[in-house]
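Results of the structural survey
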Amino acid sequence: MHKGKVVHKGKVVHKGKVVHKGRTLTVSEAALNDANGKLLAFGTETCSIFPANLAAR
């Protein structure tokens with residue numbers, strides 16, 4: 001586990017995108033940068049996709 005960076009003032013910019021979308025899995029990533037473009041945080045996520053008829057059960 002890493003300790004995060006502290007931003008006391010100024011703007012932060014976030015960007016997120018889907019890296020891969022398949023039939024049953026989707027991978028996405030997000031980044032948080034300060035106003036100068038310095039990376040403050042980065043994360044990825046993997047999600048399982050279930051058909052709507054199975055999710056309601």
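Use the structure listed above.
Residues numbered from 1 in each chain as written. Predicted model: local features only at pLDDT ≥ 70, side-chain atom pairs only at ≥ 80, totals over all residues. Heavy atoms only, no water.

**Points about the sheet that holds strand β3 (residues 39-48)**
Strands sit in the order β1-β2-β3 across an open sheet of three strands; the sheet is antiparallel. Strands with a single pairing partner mark the edges of an open sheet, and in this sheet they are β1 (12-21) and β3. The sheet shows a mean angle of 15° between the axes of neighbouring strands, direction not considered. Both β1 and strand β2 (residues 25-34) contribute to a ladder of nine bridges, which runs antiparallel. By the bridge assignment for β2, V18 is matched with S28. (Pairing = 2+ DSSP bridges. Helix = DSSP H or I, 4+ residues; strand = E, 2+ residues; numbered from the N terminus. Axes fitted to C-alpha atoms, helices over the stretch in contact; angles between N-to-C directions.)

Note that all results are geometric; they support no functional claim without further evidence.
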